[in-house]
Each structure stands twice: as structure tokens, then as C-alpha cells.
Amino acid sequence: MTDKLCKTCRKPNPSYQCGLCEDYICKACTQFSGEENFSFLRKIPQELTHNYYCYPCFDDKVGPALESYEETLQLAKEVYVFTKEQSKLTRLLKRTEPPYQVENCEDKEEALLKMSFYAIEDKFNALVDVGFKSRKIIIGSHKKTIWDASGVPMNVDPKAIREE
């Protein structure tokens with residue numbers, strides 16, 4: 001029999017193929033995902049780069065990874081941030097880690113969130129000496145600003161930092 005059937009519901013002529021198990025699946029039984037769901041990861045695992053998944057593969061591989069990613073993203077929003085202008089507050093903190101560098105971000109918030117995400121992944125709770133640089137990109141008649149940022153990760157006790 002040469003007709004293909006959906007792995008889940010057994011409908012004939014499915015439109016998609018699972019990126020992991022490569023079984024055929026119809027649109028109704030397809031879980032859509034892709035690299036854009038994991039955009040802040042430094043290196044996206046191969047199993048998370050596909051666009052189409054069957055329910056079992058999604059539940060086994062992609063779902064837990066997506067849940068973990070979302071948790072890390074939420075924690076990244078709570079990272080303490082001290083800009084270079086606030087160096088008076090952090091002058092006594094020892095900077096032992098190399099700074100994070102992020103490039104080609106759409107805006108300052110994305111650049112900061114990406115560095116904060118890295119900090120959470122590396123078990124830090126703060127970024128100090130955070131600085132931003134912008135540059136304008138002109139493509140034909142379209143102009144846009146691209147942001148680069150840097151910041152030193154560290155663990156700080158928020159009670160130990162005095163605001164002056």
C-alpha cells in the first residue's frame with residue numbers, strides 16, 4: 001500500500017512529516033514549533049530546530065525544553081542590572097567573570113534580556129557595567145537601528161548594595 005496515513009488519526013495523505021521520528025502527520029495532528037521559540041539559547045539543540053512534530057515527539061522532547069526555556073526567560077526578567085553610569089554602587093564588587101557580549105539586537109530591551117538569560121543559565125543573578133551601543137543600518141530606503149550590549153555577570157546580595 002503506497003498511500004501514506006497520519007501516524008495519529010490514520011487519515012490518508014497527510015501534509016507534514018515529524019522532524020524527529022519522520023512519521024507522516026496531518027495538519028490537525030501537527031504541533032508547530034521552530035527555532036524562533038528558542039531565540040535566546042546560545043546553541044539550539046538539533047532536535048528543537050524542526051518546524052513540525054507529532055504529538056508524542058513534541059510531548060517527549062520539545063514540550064519539556066520549551067517549558068524550561070520559558071521558566072529561564074521569566075527568571076531572566078528578575079536579574080539585577082547595574083549600568084556603567086551606576087558604577088558608584090558597584091565599585092566594590094569583584095568582577096571575576098568575562099563580560100557577555102550580544103550583538104545585532106532589535107532594541108535595548110532584547111539585548112538586556114538576552115544577557116540576563118545567559119546570566120540565569122550560568123547561575124548568576126546580576127549584570128554590572130551594562131553598556132549599550134547602537135548603529136544605524138540602511139538597506140535601500142529602509143533604516144533601522146541595531147543594538148549591541150555588554151555586561152559582566154555576577155552574584156550579588158541586593159541588601160549589600162547601598163543606593164546613594
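For clarity, every value in this text was computed on a predicted model and none was experimentally measured.

A. The packing of helix α1 (residues 55-76) against helix α3 (residues 108-121), seen in detail. Interaxial distance between α1 and α3 falls to 8 Å at its minimum, and their mutual angle equals 110°. It follows that α1 is roughly perpendicular to α3 by the angle criterion. Two packed elements cross with a definite hand, and for α1 against α3 that hand is right-handed. Residues Tyr69, Thr72, Leu73, Leu75 and Ala76 of α1 touch α3, and the partners they reach there are Leu113, Ser116, Phe117, Ile120 and Glu121. The residue makeup of the contact of α1 with α3, split by class, is seven nonpolar, two polar and one charged.

B. Fine view of the pattern of salt bridges. Tallied over the full model, the rule gives six salt bridges. Across the pair Arg42 and Glu121 runs a salt bridge whose closest N-O atoms are separated by 3.4 Å. With Arg42 in the loop between β3 (30-32) and β4 (52-54) and Glu121 in helix α3, the pair connects residues that are 79 residues apart, well separated along the chain. On the basis of relative accessibility, which here comes to 45%, the residue Arg42 falls in the partly exposed class.

C. How the structure looks around the nonpolar core. By size, the foremost hydrophobic cluster in this structure holds 26 residues, and its most contacted members are Phe38, Tyr69, Tyr100, Val102, Met115, Phe117 and Leu127. Elements that contribute at least two residues to this core include exactly α1, β6 (100-105), α3, β7 (126-139) and β8 (142-154). Among the elements that line this core, the one with the most residues is α3, at six residues. Listed in part, the eight residues of the second largest apolar core include Ile25, Cys26, Cys29 and Cys54.

D. Focus on unusual backbone geometry. For Asn13, which is not glycine, the phi torsion reads 55° and is therefore positive. Along the polypeptide, Asn13 turns up in the segment before β1 (16-17). Positive phi is not limited to glycine here, since Glu22 has a value of about 65°. Here Glu22 shows up in the loop between β1 and β2 (24-25).

What counts and how
- Residues numbered from 1 in each chain as written.
- Predicted model: local features only at pLDDT ≥ 70, side-chain atom pairs only at ≥ 80, totals over all residues.
- Heavy atoms only, no water.
- Axes fitted to C-alpha atoms, helices over the stretch in contact; angles between N-to-C directions.
- Helix = DSSP H or I, 4+ residues; strand = E, 2+ residues; numbered from the N terminus.
- Parallel < 35°, antiparallel > 145°, perpendicular 65-115°, else oblique.
- Left-handed = near helix turned anticlockwise from the far one by under 90°.
- Contact = heavy atoms within 4.5 Å.
- Nonpolar A, V, L, I, M, F, W, Y, C, P; charged D, E, K, R; others polar.
- Salt bridge = Lys/Arg side-chain N within 4 Å of Asp/Glu carboxyl O.
- Buried < 20%, exposed > 50% of the residue type's maximum accessible area, 1.4 Å probe, protein only.
- Core = buried A, V, L, I, M, F, W, Y, C linked by side-chain atoms within 4.5 Å.

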